[in-house]
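Letter by letter, the chains look like this.
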2 protein chains.
Amino acid sequence: MTRIALDAMGGDYAPKQVVVGAVEAAVGIPDVKIYLVGRKDAIDKVVAALAKDRKALYSSAVSKGLLEVVDAPDQVEMDEVPVDAVRRKKDCSINVAMRLVKDGTADVFVSAGNSGAVATSAILNLGRIKGVKRPAIAMVLPTKKPSRPLLLLDAGANMDCHPEWLVQFAIMGNVYSKTVLRRESPAVGLLSIGTEDCKGNELIHETYPLLKNTDGINFVGNIEGHDICGGEIDVAVADGFVGNVVLKTVESVAHAIGGWLKTELKKSLFRKICALMLKGAFNSLKKQMDPEVYGGAPLLGVPGNVIITHGNSTHKAIFYAVKAGVAAATNDVSGLIEKSIAEHAEKAQETQQ
Amino acid sequence: MTRIALDAMGGDYAPKQVVVGAVEAAVGIPDVKIYLVGRKDAIDKVVAALAKDRKALYSSAVSKGLLEVVDAPDQVEMDEVPVDAVRRKKDCSINVAMRLVKDGTADVFVSAGNSGAVATSAILNLGRIKGVKRPAIAMVLPTKKPSRPLLLLDAGANMDCHPEWLVQFAIMGNVYSKTVLRRESPAVGLLSIGTEDCKGNELIHETYPLLKNTDGINFVGNIEGHDICGGEIDVAVADGFVGNVVLKTVESVAHAIGGWLKTELKKSLFRKICALMLKGAFNSLKKQMDPEVYGGAPLLGVPGNVIITHGNSTHKAIFYAVKAGVAAATNDVSGLIEKSIAEHAEKAQETQQ
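Keep in mind it's a predicted model, so treat the numbers as computed, not measured.

Colleague: I tried to follow the sheet that holds strand E9 (residues 235-237) of chain A on my own but got confused; where do I start?
Modeller: Strand pairing in a sheet takes place through backbone hydrogen bonds and is either antiparallel or parallel in direction. Residue and element names in this part refer to chain A. Ordered by their spatial adjacency, 11 strands build an open sheet running E3-E2-E1-E4-E11-E10-E5-E6-E9-E7-E8, and the pairing between neighbours is mixed. Lying at the two open borders of the sheet, with one neighbouring strand each, are strand E3 (67-71) and strand E8 (218-223). Averaged over all pairs of adjacent strands, the angle between their axes in this sheet comes to 25 degrees, without regard to strand direction. When strand E5 (residues 136-141) meets strand E6 (residues 150-153), the two strands line up antiparallel, connected through 4 bridges. Among the inter-strand pairings, Leu141 is bridged to a residue of E6, identified as Leu150. Across the sheet, helix H6 (residues 115-126) touches strand E4 (108-111), E5, strand E10 (297-300) and strand E11 (305-308), and the angle it forms with E11 is around 170 degrees.

Colleague: For this particular structure, what's the right way to read empty space enclosed by the protein?
Modeller: The rolling of a water-molecule-sized probe over the atoms marks out the regions of remaining empty space. Tallying each qualifying case throughout the model produces 4 cavities of 30 Å³ or more. If you add up the space inside the largest cavity, you get close to 70 Å³. Lining the largest cavity we find 14 residues, and of these Leu299, Leu300, Gly304, Asn305 and Val333 of chain B sit closest to its centre. Of all the secondary structure elements, the ones that give two or more residues to the lining of the largest cavity are strand E10 (297-300), strand E11 (305-308) and helix H14 (333-352) of chain B. Taken together, the residues that form the lining of the largest cavity break down as 10 nonpolar, 4 polar and no charged. Looking at the second largest cavity, its volume works out to about 60 Å³. The wall of the second largest cavity is formed by 13 residues, among which Leu299, Leu300, Gly304, Asn305 and Val333 of chain A lie closest to the centre.

Colleague: I tried to follow the packing of aromatic side chains on my own but got confused; where do I start?
Modeller: The description of an aromatic ring pair rests on the distance of the ring centres and on the angle between the ring planes. Residues and elements named next belong to chain A. This structure, assessed with the given rule, holds 4 aromatic pairs over all chains. Between Tyr208 and Phe219, the ring centres sit 5.5 Å apart and the planes meet at 65 degrees, which makes this aromatic pair edge-to-face. Highlighted residues: Tyr208 in helix H8 (residues 202-212) and Phe219 in strand E8, separated in sequence by 11 residues. Both residues of the pair, Tyr208 and Phe219, belong to the buried class.

Criteria and cut-off values
- Residues numbered from 1 in each chain as written.
- Chains lettered and ligands numbered in written order.
- Predicted model: local features only at pLDDT ≥ 70, side-chain atom pairs only at ≥ 80, totals over all residues.
- Heavy atoms only, no water.
- Pairing = 2+ DSSP bridges.
- Helix = DSSP H or I, 4+ residues; strand = E, 2+ residues; numbered from the N terminus.
- Axes fitted to C-alpha atoms, helices over the stretch in contact; angles between N-to-C directions.
- Contact = heavy atoms within 4.5 Å.
- 1 Å grid on protein atoms, 1.4 Å probe; cavity = no way out; pocket = protein on both sides within 12 Å on 5 of 7 lines; lining within 4 Å.
- Points joined across faces, edges and corners; volume = space filled by probe spheres on them.
- Nonpolar A, V, L, I, M, F, W, Y, C, P; charged D, E, K, R; others polar.
- Phe/Tyr/Trp six-rings, centres within 6.5 Å; stacked < 30°, edge-to-face > 60°.
- Buried < 20%, exposed > 50% of the residue type's maximum accessible area, 1.4 Å probe, protein only.

Laid out in structure tokens, this is it:
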């Protein structure tokens, strides 16, 4: 059984969408128990207002012990800076949920809250895996090849990065790609402006030789923006500024193209009818691009399974984020990262001697 | 009449696609004269192998004085680093074409060659506009709103940037957006990881207050990847590393979605037939996303109109790059940039006193 500490108060549509997602995950994912962490009164209010069938599912999940509300009395206000709030408010939902992981009550933390606040709370409460300089947010993105998504990290936790941090991102991403995404020998690329060794900025120039000399990862060299959806790379390493900009650009382009397509297909009655006949194709396309399905992003480098999902997550995104958390926990991602980081440190020391 | 110095040897499909594009531009764009610059023997060979109707168009353009071949005897070999080659080979096509602009024979330079080599040749031969620290490549990208494309700069000329360079990118992008893209008061954004002032890396933190205090531009603050195709921003300012990654990511996503759509629409005979009936809609969508139409990127900050287009440009991309060059020349973009940079320098000095 994987136990999930789910932040009920995080995200634009919290607590409602989180509560619904929690019910769906508790009922729909085998061997999962959800701790729904937030202000009890707010959660009760949402539950009371649920549609009849959902309320029944909720009650059933609670009575079977698959769902349990954990009160987190502190509230982060709209005008607070989230990162400051988690430092000040010990009993806000993010901190209470994170402590459930720390004390062993839960195996996984999931939140649609502010990613900076989650990362801060994770480091404050859980610390870092021994040897890890900076935890990184890893994001799974769809590519041309449906069976080969790309893991992009760091997607926003660290701004001005040192080359050594990027090397660790590569090592951690390699573990996640192998275990959760089932790539045998993940192709790891350093995101730059061209594939030649000489291309890039100072950070890339300094990181490239370090990655080239890192044993145990299949470093394929510099990659470029064209490779993001190309389906030939498994792990793209970038600093958190570049990674975050790329991630949001991908979403922006997908959204724009979806919009153009819709506009075109509505331009005449004839087109509307043809489009209706192709509904299956468009739905399948939409699913392939859906950030809610890909949205559960692990924070790699902390001793515990911490999953961050989009601020605008609906219940569906919450469901998939819980799924991502289960995958991380059952594969013991953080344990394997600890082992891999230690091995690399040992090898680096041997080389120095 | 706008006179174009077109590098016949630049790009993956040169000289053939460039020659065809040159003919189409000379015939199809009013008041244009094309100097086709490259190894005369190579160009002659392509012309000899042209289809009958195209050959007739070529001959007609030449006889009307709309097209003229200019020999550039030096050849850049496949194994040469392009940036080094333009320094060493004085008479390679890029340098010969650039000198036509320098000596006033041509108004515009166009090339599908290596962008670094073009930028190097431009700076070597033309120099920089007085006061400009670093010329930048500006790229026009489609957004949700067909009438409001985004100008992204720098798209790859400068890697590790100083805040002052980014301010100048904003000033130059503002001029281009106003004159060529016809935006009355372009919304200028600084590409970061969120819209709040505090978001971003060191470069963003240092650049933000400078842009905020720059008169004469409509600085709307930090923007994020989501804004790239959002249609609310006219000029996105970034360092050349981030800009280049974003540009190529946009292309990668568009390409992947196009591929998924094609796959879905070919999954059954029924879908194929429906898709055929929607051909007009899909063609229109494809056109909106076509990098060849948007591909002519001006190098802003050099005293002359220098247009760089994609390495994989076909004749269509060459045609649109010539068009972009005509727009830049008839609007005197480089003259207006010189004026705007001088005004800002003057104001900055006044403030200091």
